[in-house]
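# Chain and residue survey
In case you want the letters, here they are:
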Amino acid sequence: MNKKEIIEDFQVEYKKYTFSKSIKVTLKNDNLILVTMPYFCPYKTAREFLIKNFEKIKSFKDIENFKNTKGAKKYSPNFTTKFDTLKIIPSNELKTITKRNIVYFYYNKEDDFYSLKVQNELKSAHLKALRIEAGSYLTSRLDFLAKKYNFSYRKVFLKNQKTRFGSCSFCNNINLNINLLNYDFDIIDYVLVHELVHTKIKNHSKAFWLEVEKYCPNYKELRKKLKNGS
Ligand SMILES: [Zn+2]
């Protein structure tokens, strides 16, 4: 004999177990909450326990959803970017302001920092900071390495992509992913060298990798790190 009810946008299921010693609330998925309780515990008591902890349970839902969003990550209040162009500031409202190439992210101290609302706003503020940093660092670093190793390319485009870190077109335009800024400097250099070598060799032949190795002797290790997301 199970009891069910709907609370806000959750389906709640109560189950009694002979051997259960306490009331336990489990978030089964985005919409289902399971409440288990000892056999002799009244439903009313279990329900009161659930209501008392409902806000906490809902915040788990936010975090779960956030983890499930592809490419999303959980930001902490002391998150920083490579060149420190993102400032996270406790305030009394949620807003993002960009001034002289610095992104100021204000959040309401009363809000849960890990709620979807705050995390999503911070995600777009982070993207703004990445664009600023990519615009100054990636372009000048590519230019520096091209001169150093004697490569030439036409134009560089900065993009926010989910899968590729860089590419080189048939006519030697180079695309770079702004998310590269989330990686170490040596990994960034490897990607830049990789695309520069593509201006001369369009495929991934043995000759291509030998050329990459000339400028980036530990490219195998860096490539592995890039794949593992570190
Ligand atoms: Zn390639």
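Residues numbered from 1 in each chain as written. Predicted model: local features only at pLDDT ≥ 70, side-chain atom pairs only at ≥ 80, totals over all residues.

## Brief notes about the sheet that holds strand β6 (residues 95-99)
Pairing is mixed across the open sheet formed by three strands, whose spatial order is β5-β7-β6. Two strands lie at the open edges of the sheet, namely β5 (86-91) and β6, each paired on one side alone. The sheet shows a mean angle of 20° between the axes of neighbouring strands, direction not considered. Relative to strand β7 (residues 102-108), β6 is paired through five bridges, and the arrangement is antiparallel. Note on β7: the bridge partner recorded for lysine 95 is tyrosine 106. Sheet contacts for helix α3 (residues 116-149): β5, β6 and β7; angle to β7, the most-contacted strand, approximately 175°. (Pairing = 2+ DSSP bridges. Helix = DSSP H or I, 4+ residues; strand = E, 2+ residues; numbered from the N terminus. Axes fitted to C-alpha atoms, helices over the stretch in contact; angles between N-to-C directions. Contact = placed C-beta atoms within 7 Å.)

## Notes on the pairing of strand β4 (residues 32-38)
In the case of a regular strand, side chains alternate between the two sheet surfaces. As defined by bridge partners, strand β2 (residues 10-17) adjoins β4 across seven bridges and the pair is classed as parallel. Opposite glutamate 13, over in β4, you have leucine 34 as the bridge partner. Of the pairings in the sheet, the one linking strand β3 (residues 24-29) to β4 comprises five bridges and is antiparallel in character. Its bridge partner being in β4, threonine 26 is matched across the sheet by leucine 34.

## Regarding the sheet that holds strand β10 (residues 174-177)
As summarised here, the arrangement of the three strands in space is β8-β10-β9, forming an open sheet in which the pairing is mixed. Of all strands in the sheet, those with a lone pairing partner are β8 (156-159) and β9 (166-168), marking the two edges. Mean inter-strand twist for the sheet, computed between neighbouring axes without regard to direction, equals 15°. Pairing between β9 and β10: three bridges, direction antiparallel. For serine 167, the partnering residue across the bridge sits in β10 and is asparagine 175. Here helix α4 (residues 185-198) sits on the sheet in contact with β9 and β10, set at roughly 15° to β9.

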